[in-house]
Amino acid sequence: MKLSKLIDILAIMVMGFLFSGLFAYFFTTKSFLGFNLLRRDLIFFLFYLLIFIRSPQVYFSDTMKLIYLYYAIFYLMRISGHYDIDNQWFMAYHYPVFSAILIHNYYVDSKDYHSYAKVVLAALIFVGISAISNIYTLIRYPDATRMLSGESSVLYTYGSLIFASIGRYGFVSAVPFIIPMLVAFHKSSGKTSLRLVITVYILVILISLFLSSLTAPILIAALCLLFSLSGQRRFKASILVSTILLAIIAAVPTHIKSDFFYSISEMVTQKDLSMKMRDIGYVIETGIDVSNPLSSVEERAVRIPENLKAFASNPLFGTGYEVNSHIFWLNRLAQVGLIGTIPLILILFRHMRLCLRRCDSYYRFYLLVSFLLFMVSGFMKNIVGDMFYYLLLLVPGMYYLRYLKKNSVVTAKGYSSPVAVKAISLGGEN
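Analysis parameters
Residues numbered from 1 in each chain as written. Predicted model: local features only at pLDDT ≥ 70, side-chain atom pairs only at ≥ 80, totals over all residues. Heavy atoms only, no water. Helix = DSSP H or I, 4+ residues; strand = E, 2+ residues; numbered from the N terminus. Buried < 20%, exposed > 50% of the residue type's maximum accessible area, 1.4 Å probe, protein only. Contact = heavy atoms within 4.5 Å. Areas by Shrake-Rupley, 256 points an atom, 1.4 Å probe, with all protein chains shown as cover. 1 Å grid on protein atoms, 1.4 Å probe; cavity = no way out; pocket = protein on both sides within 12 Å on 5 of 7 lines; lining within 4 Å. Points joined across faces, edges and corners; volume = space filled by probe spheres on them. Nonpolar A, V, L, I, M, F, W, Y, C, P; charged D, E, K, R; others polar. Salt bridge = Lys/Arg side-chain N within 4 Å of Asp/Glu carboxyl O. Phe/Tyr/Trp six-rings, centres within 6.5 Å; stacked < 30°, edge-to-face > 60°. pLDDT = per-residue confidence, 0-100. Axes fitted to C-alpha atoms, helices over the stretch in contact; angles between N-to-C directions. Parallel < 35°, antiparallel > 145°, perpendicular 65-115°, else oblique. Left-handed = near helix turned anticlockwise from the far one by under 90°.

Caption draft 1: Broad picture of the overall build of the protein chain. Check the secondary structure of the protein chain and you find 20 helices and 0 strands. Looking at the 430 residues of the protein chain, the share that counts as buried comes to 50%. Relative to all contacts within the protein chain whose residues are 6 or more apart in sequence, the contacts with residues 24 or more apart total 66%. If you sum the accessible surface of the protein chain, you get close to 20,600 Å²; carbon and sulfur atoms cover 68% of it.

Caption draft 2: Up close: empty space enclosed by the protein. Overall, the coordinates contain 2 cavities of 30 Å³ or more when judged by the stated rule. By volume, the largest cavity amounts to about 40 Å³. Looking at the lining of the largest cavity, the elements with two or more residues in it are helix 5 (62–80) and helix 17 (328–358). Of the residues belonging to the lining of the largest cavity, the class tally is 6 nonpolar, 1 polar and 1 charged.

Caption draft 3: Representation of the pattern of salt bridges in the model. Within this structure, the stated rule accounts for 4 salt bridges. For R39, the salt bridge goes to D41, with nearest N and O atoms at 3.2 Å. With a closest N to O distance of 3.4 Å, D109 and R358 form a salt bridge. One end of the pair, D109, is in helix 6 (residues 90–109); the other, R358, is in helix 17, and 249 residues separate them in sequence. Residue classification places D109 among the buried residues on the basis of a relative accessible area of 18%.

Caption draft 4: Spatial organisation of the packing of aromatic side chains. Taken as a whole and judged by the stated rule, the model has 31 aromatic pairs. Plain terms: the ring middles of F17 and F44 are 6.3 Å apart, the flat faces sit at 55 degrees to each other, and that makes the pair tilted. Taken as a pair, F17 in helix 1 (residues 3–19) and F44 in helix 4 (residues 40–54) lie far apart in primary sequence, 27 residues in all. For the pair F17 and F44, a shared accessibility class is recorded, and that class is buried.

Caption draft 5: Layout of the side chain of N382. Within the secondary structure, N382 sits in the loop between helix 18 (361–377) and helix 19 (387–397). Exposure remark for N382: the relative accessible area of 11% places this residue in the buried category. Beyond its immediate sequence surroundings of up to four residues, N382 is in contact with Y93, Y169, S325, H326, I327, F328 and M387.

Caption draft 6: View of the confidence of the model for the protein chain. Scored by pLDDT, the protein chain comes out at a mean of 80, with 74% of its residues at no less than 70. Note on residues 148–165: pLDDT under 50 across the span, and 42 contacts to partners over four residues away in sequence or across chains. In the model, residues 409–427 has pLDDT below 50 throughout and makes 38 contacts with residues more than four positions away in sequence or in other chains.

Caption draft 7: Region of interest: the side chain of S377. Relative to the elements of secondary structure, S377 occurs in helix 18. For S377, a relative accessible area of 1% corresponds to the buried category. Those residues in contact with S377 that lie beyond four places of it in its chain are F177, I220 and I383.

Caption draft 8: How the structure looks around the environment of P315. Here P315 lies in the loop between helix 16 (296–313) and helix 17. Along the primary structure P315 and L333 are separated by 18 residues, whereas in three dimensions their C-alpha atoms are 7.3 Å apart. Those residues in contact with P315 that lie beyond four places of it in its chain are G337 and L338.

Caption draft 9: Inspection of the packing of helix 5 against helix 6 at higher detail. Where helix 5 meets helix 6, the closest approach of the two axes is 10 Å, and the angle between their N-to-C directions is 165 degrees. In terms of orientation, helix 5 and helix 6 fall into the roughly antiparallel class. Considering how the two elements wind past one another, helix 5 and helix 6 form a crossing that is left-handed. For the pair helix 5 and helix 6, contact is made by T63, M64, I67, Y68, Y70, Y71, F74 and Y75 and by F90, M91, H94, Y95, V97, F98, I101 and L102, respectively. The residue makeup of the contact of helix 5 with helix 6, split by class, is 14 nonpolar, 2 polar and no charged.

Below you can see the structure in the form of structure tokens.
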């Protein structure tokens, strides 16, 4: 077997570990060997080793050098004793950045777009399975998403293996960002059957998100869908309509708006979502008081001045400890200061810019929607490590699905073009 084919097989296995909670439970040799030969850490190690053997230059691209510099800065600060090393979770956040960029650049730099397309398709299948199992689990256990906000310590709380497959907080928070590219393929496809499959896939994702009852991901998903459906040509019109709509809402009397959310709260059966609707109605009626928070909305609002105050105390190096991680970017500034935040922004910016440069103008808009809304979401909520696999690997990787047919160069409208040829000819980062 060729080394490249072995890497492709391992890559599909890696996608299973990354995008499916069920994969590790069913893909094991323990039942017949007595031990698990297909452990996640072993598969990842072998995968990265073979990439290094076949394409060592991928480890030394400009973006990867930035990542190594970022790691060096962090560990120097750690050795200095400034950072609270017991409460950093540094690798949990930044190993996915390293891993996602490495995998993406390996396939793009080697110009093996057909193999990359197969790997990305496998990842989307795993995401779809996760969404379906998420729906099943949340129908049975409505509060499961919040219980599994991290690596689950309550997998068997309900004595059910399917509970382990729940799309955890990271899944629910990250999956909205694949919607723009799905819409792009739906619009460009000339096959009715494919458009139907994509429509069903998007609906499954949206149902899974709605059942999760997490406000920020639902809002982000709605914005992803709105801007994607409007498209590049009608984007400005969508912004204008949204602005006018917000102005109209602002002009509506306060008691009408608060009563509206109170009414929704009474109609919604899901306890957590009902409480959020009631709290929104409450703050509309009484205003936000961060000095004496009495609602979940005010408790969230408190996070902003907390982080800003901590950042102001040491803007360069930060406090060294986690302040309030529920607002990712502000907490990063507060915790690690400018010296720990700017490198991460540069890494993300460089990778996003390269991904945008490599694709056709038609898909570039949809990638940009995902990228920008991801950055915006970091000012609304926490960003967990797994979310970076969606932003840096899956979303830009979806562009290469158009190469599923070998030796095909296809534009959004289905015709060969110099732009697509140029996209193929683009090499590495440098």
